[in-house]
Amino acid sequence: MVASSRAARLVLVQAPAGFGKSTTLAQCREDLAARGVRTAWLALDAADNDSSRFLRALGEALGTLGIAVPDKQTPEAVLQALDQVGASIEPFALFLDDFEYVQDTVVLSIVRELIDYLPRQGQIFIGSRSAPELGIAGMRARGQLAAITADELRFSLAETRTFFAREGTELLSKEALEHLHEKTEGWIAALWLASIAVERHATPSAFVNKFSGSSGLVADYLAEDVLNAHPPHVRKFLLRSSILHRLEPDICDAVLAEDGGAAALTRIADSGIFLLSANNDGHYRYHSLFLDFLRSQLVREMPAEVPRLNLAASIWYEQRGHMTVAVEHALLAGHYERAISLLEVQVDDLLRQGRMRLLARWFSMLPRAEIVRRPALCMAWIWGTCFTSGPWDAMRLLDQSGWTQEDDESRSHVLALRPLLLGMMDRYEEAFELGRESLQNLPTGNAFADSALTTTMAHTFLVMGQYSEAYRLLEASRLTQSSPSAFFNRMYAETVEGIIDLEAAQLRKATARFRLAVHSTTGTSFSATGGNAYAGVQYAAVLFESGDFAQAERLLNVYVPMARNVGLRDQLITGYVALARISFHNRQLDRAWDHLGQLEQAGYERGLPRLRASASLERAHLLTLQGNALAARAELEQSEQASVWQRVSRLAFPAHDIEDIELGWARWHLAFGEANIAHNLIIQAIERARARPKQRRILKFRLLEALALKRAGRLEAALNQFSDVVSQAAAQGFVRLLLDEGDPVLQLAQQLHTGKDAGNHAVDPIFSEHLENLLRMQNGPPRAAPAAPSSSEALTPKELRILRLLANGLSNSELAGGLFVSESTVRTHLRNINQKLNATNRTQAVAIARQLGLV
């Protein structure tokens, strides 16, 4: 089955423990390697829910495919590394074993992106006890999934006979073997354990009759039988070493306080017990099924050993500088005092590195009272909570902790945290007042907190429209970032300045800043946590603006879930709107509506009406592009009910630098209303934008002004205005700012391209190249402006009726139901309509029909 699955993007081996998933994957890997396919293997565990660790391990796994391991552990870098692998014509396969451990939404989104954008000659194999949340149903429907389940992995009776014969176990009668097969139901792990145990029983048939019950009970019974068959010192070694995830001679000797670790590991491996080689340098790990049994048995037989052994492991790792693992073992030991002492030493560095998710996980395992009474740890806990669970939980912790800015130990953190948390809750007016007071207390002597406060307030001043003050604070923030490990604040400051550049229509500078911000957290877990979504969504959005849909979409699919986890409002709006537009452009309408539905749902979950209003606003935009006047108007009216736009007009939210209700109604009147009303609305909007000033917004509305002039019959003025807009867009690389307004823009672009009234820009190579790029990106080669169909091409009454229904936004299935015909007949009519109107899609057909007065 696997040999014939090369067409599948994903091969999923899903079954409970002990069904041979890892063995099956290993056999697949051997088979592929024998056929010259490059392979990489990654065994996962619970710690891989830290997205930074997962990205680092994934990068190392990709390195085995013959490419350099990415220097920067960011989603973008790893996805680009995968592209490098796929750049050659050689096939490759990536194996992810024990995937059931992965629960983190960010890690899952990264894997989804790996699958979705896998090069044609690439393939991913996943072994998991449960169905992973990777859109399996959709892949199955598209023929991109090859699934191997427990039913395929179970041994048949014939395979059980062959297995026992191969193992040299001929002590069982035919009837006993059939009975054993029936009791184990072909479960491979149980059969393997039974083959080891049966040789030590005088009456094998009686042994087979002894055990019964669920597969779990069978496994425990057989595992215990195998364990008890070993000498006491080997049995003791197996139990005590089970606290280690990675087995190597030195740590075994140190933790178990006995010599001979290397020899013991070799003997156990040779004995056929569930010991797997982690690599080729003498490191091992227990099979997960056997490891679970050993650990539970250790707790039952030697409970006092569990904390002692973990404590010894913690000391060993600390002495070698592996502080993260040292803390993990201290926590498993229940030795909270040691874990806290290790944390106190490094908590400031972890904050500067932005390792918020790691901190949040560790603090969740410590006694609350022990954290709260230590101000440094308590403040770090609140920072970690802010960027993993969101500002509401963090504010609750801060209020309940009792620490205030009056306490010397917590003062600097409280001064920075409260304005940040208020801003993340969309309470900018409160953040502004409180933050200005906090700024009066700088410097506090804590470089991290002081820099966080200044960058927070730079963003807040930006939202309040005070750009000069925002710039001043950004410069002050840079002065406090003297430490090379100040990753968090460097990312934040570059992102704020990039937002300011973008609003000033400086797309190239903004792109450079966002890229720097995304990569400023190289080597830290923060590079892929909710914090970096602040920069990551902005970076993906400018890639979308430049027309790089593929890279923008794959990054948005990773960063938007991070932003949603934390509740970054402007990043959520920007990200979901961009995803919806990409899907709409790709004619994946269901996905476009789904993205906007998720944005709306996030608004309900967080109690943020601005998110709900933004979802309705973008639905109105897409419906306007479809030519659906009534539905678009209804969405605009729904958006207005949220009562957020007056506040949006007063403040300067990054997500609404362009997209707001004023633009929504201007679009609607331009498409469906009277030209003079639309023109007046646009002129007023330009005047308000110039007063702020907001150059990118001015550019957008000047584009709409050109469309309004064209619609009013003033073609020469429209082309002159449009030429100026294209010239400014070309200088900075703006693409979607123009193309997102649909076919009317294309029609003006086509007329400029043919040289009609192009003015002096016709001889400007940058202008000409950008104009050609606009036409190519949206619809391929330039095509002539639509002309009325000739008499021989006249639309039939049924085709006219279909056009009018299309204008109301009906789908193919809805058209078929309304006309009492099949969907195949509807598609035939649509092809005829497109051919007669010289259109390439239904949206364009509706737009042309409106221009010709047919609908």
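Residues numbered from 1 in each chain as written. Predicted model: local features only at pLDDT ≥ 70, side-chain atom pairs only at ≥ 80, totals over all residues. Heavy atoms only, no water.

Let us look at the overall build of the protein chain. Counting secondary structure elements, the protein chain contains 46 helices and seven strands. Put simply, the protein chain has 855 residues, and 57% of those count as buried. Excluding contacts between residues fewer than 6 apart, the proportion of contacts in the protein chain whose partners are at least 24 apart in sequence is 68%. Taken as a whole, the protein chain presents about 34300 Å² of accessible surface, with 51% of it coming from carbon and sulfur. (Helix = DSSP H or I, 4+ residues; strand = E, 2+ residues; numbered from the N terminus. Buried < 20%, exposed > 50% of the residue type's maximum accessible area, 1.4 Å probe, protein only. Contact = heavy atoms within 4.5 Å. Areas by Shrake-Rupley, 256 points an atom, 1.4 Å probe, with all protein chains shown as cover.)

Attention shifts here to the environment of A712. You can see A712 is positioned in the loop between α38 (695-711) and α39 (715-732). Separated by 37 residues in the primary sequence, A712 and A675 have C-alpha atoms spaced 5.7 Å apart.

Quick look at the sheet that holds strand β4 (residues 122-128) now. The strand order across the open sheet formed by five strands is β2-β3-β4-β1-β5, and the pairing between neighbours is parallel. The sheet is open, and its two borders are formed by β2 (38-43) and β5 (145-148), each paired with just one other strand. Within this sheet the neighbouring strands show an average axis-to-axis angle of 15°, counted without direction. Pairing between strand β1 (residues 10-14) and β5: four bridges, direction parallel. (Pairing = 2+ DSSP bridges. Axes fitted to C-alpha atoms, helices over the stretch in contact; angles between N-to-C directions.)

Moving on to the nonpolar core. Among the nonpolar cores identified, the biggest contains 217 residues, and W383, F722 and L738 are the most heavily contacted of them. With 10 residues, the top contributor of residues to this core is helix α30 (residues 549-566). Apart from the residues within four sequence positions on either side, F722 is in contact with L703, A706, L738, V745, L748, A749 and L752. (Core = buried A, V, L, I, M, F, W, Y, C linked by side-chain atoms within 4.5 Å.)

This part is about the confidence of the model for the protein chain. On average, residues of the protein chain carry a pLDDT of 82, and 83% of them reach 70 or more. Mean pLDDT per element in the protein chain: helix α11 (residues 215-228) is the minimum at 60, and helix α40 (residues 736-739) is the maximum at 96. Confidence drops under pLDDT 50 across residues 522-531; counting only partners more than four residues distant or on other chains, this segment forms 44 contacts. In this model residues 756-762 is a low-confidence stretch, pLDDT under 50, and it forms 15 contacts with partners more than four residues away in sequence or in other chains. (pLDDT = per-residue confidence, 0-100.)

The end-to-end C-alpha separation of α38 is 24 Å, in line with the 24 Å expected for 17 residues at 1.5 Å each. One or two residues past the end of α38 sits G713, with phi positive at roughly 90°. (Expected span 1.5 Å × (residues − 1).)

With four of five residues buried, β1 lies mostly within the body of the structure. Direction of pairing for β1 relative to β4: parallel, over a ladder of five bridges. By the bridge assignment, L10 is partnered in β4 with I124.

Before going further, it helps to spend a moment on the pattern of salt bridges. Taken as a whole, this structure holds 48 salt bridges when the rule is applied. Ionic pairing is found between D399 and R418, a salt bridge with its closest N-O pair at 3.0 Å. You can see D399 sitting in helix α22 (residues 391-401) and its partner R418 sitting in helix α23 (residues 411-424), a full 19 residues away along the chain. When its relative accessible area of 22% is taken as the criterion, R418 is described as partly exposed. Ionic pairing is found between R513 and E497, a salt bridge with its closest N-O pair at 3.3 Å. (Salt bridge = Lys/Arg side-chain N within 4 Å of Asp/Glu carboxyl O.)

Cis geometry is adopted by the peptide bond preceding P443, which originates at L442 and carries an omega value of 0°. Tracing the backbone through its elements, the reader meets P443 in the loop between α24 (428-439) and α25 (447-463). The backbone of D98 sits at a positive phi, close to 60°, despite the residue not being glycine. Locating D98 in the fold gives a position in the loop between β3 (92-97) and α4 (105-116). One non-glycine residue, A505, adopts positive backbone phi at about 65°.

Glancing now at the side chain of E497. Within the fold, E497 resides in helix α27 (residues 487-503). A distance of 3.3 Å separates a polar atom in the side chain of E497 from a polar atom in the side chain of R513. (Polar contact = N/O pair within 3.5 Å; in protein donor to acceptor, adjacent residues only side chain to side chain.)

Here the focus is the packing of aromatic side chains. Overall, the coordinates contain 11 aromatic pairs when judged by the stated rule. Pairing F95 with F125 gives two aromatic rings, centres 4.5 Å apart and planes at 15°, and the pair type is stacked. Here F125 lies in strand β4 and F95 lies in strand β3, a separation of 30 residues in the sequence. Residue classification places F125 among the buried positions, given a relative accessible area of 0%. Three or more aromatic residues joined by ring pairs form one cluster here, namely W41, F95 and F125. (Phe/Tyr/Trp six-rings, centres within 6.5 Å; stacked < 30°, edge-to-face > 60°.)

Right, let's talk about the packing of helix α19 (residues 356-365) against helix α21 (residues 375-386) for a bit. Orientation of α19 relative to α21, taken along the N-to-C sense of each, is 120°, at an axis distance of 8 Å. Relative to α21, α19 is oriented oblique. Every pair of crossing elements has a handedness; the one defined by α19 and α21 is left-handed. Every residue of α21 that contacts α19 at M356, L359, A360 and F363 is listed here: L377, A380, W381, W383 and G384. Taken together, the residues that form the contact of α19 with α21 break down as eight nonpolar, one polar and no charged. (Parallel < 35°, antiparallel > 145°, perpendicular 65-115°, else oblique. Left-handed = near helix turned anticlockwise from the far one by under 90°. Nonpolar A, V, L, I, M, F, W, Y, C, P; charged D, E, K, R; others polar.)

The first and last C-alpha atoms of helix α33 (residues 609-626) sit 26 Å apart over 18 residues, in line with the 26 Å expected at 1.5 Å per residue. The buried count for α33 comes to 15 of 18 residues, which makes it a mostly enclosed element. Positive backbone phi, at 85°, marks G627, one or two positions downstream of α33.

Further remarks concern the environment of D657. Tracing the backbone through its elements, the reader meets D657 in the loop between α35 (645-650) and α36 (661-672). Along the chain, D657 and K694 lie 37 residues apart, while their C-alpha atoms are 7.6 Å from each other. Excluding anything up to four places from it in sequence, D657 contacts E503, K694, R696 and R697. A distance of 3.1 Å separates the side chain of D657 from the side chain of K694, its partner in a polar contact.

By the secondary structure assignment, L556 is in helix α30. Counting along the chain gives 15 residues from L556 to Q571, while the straight-line C-alpha distance between them is 10.0 Å. In this structure, L556 is in contact with V537, A540, P561, G575, A578, L579 and I582, ignoring residues within four places of it in sequence.

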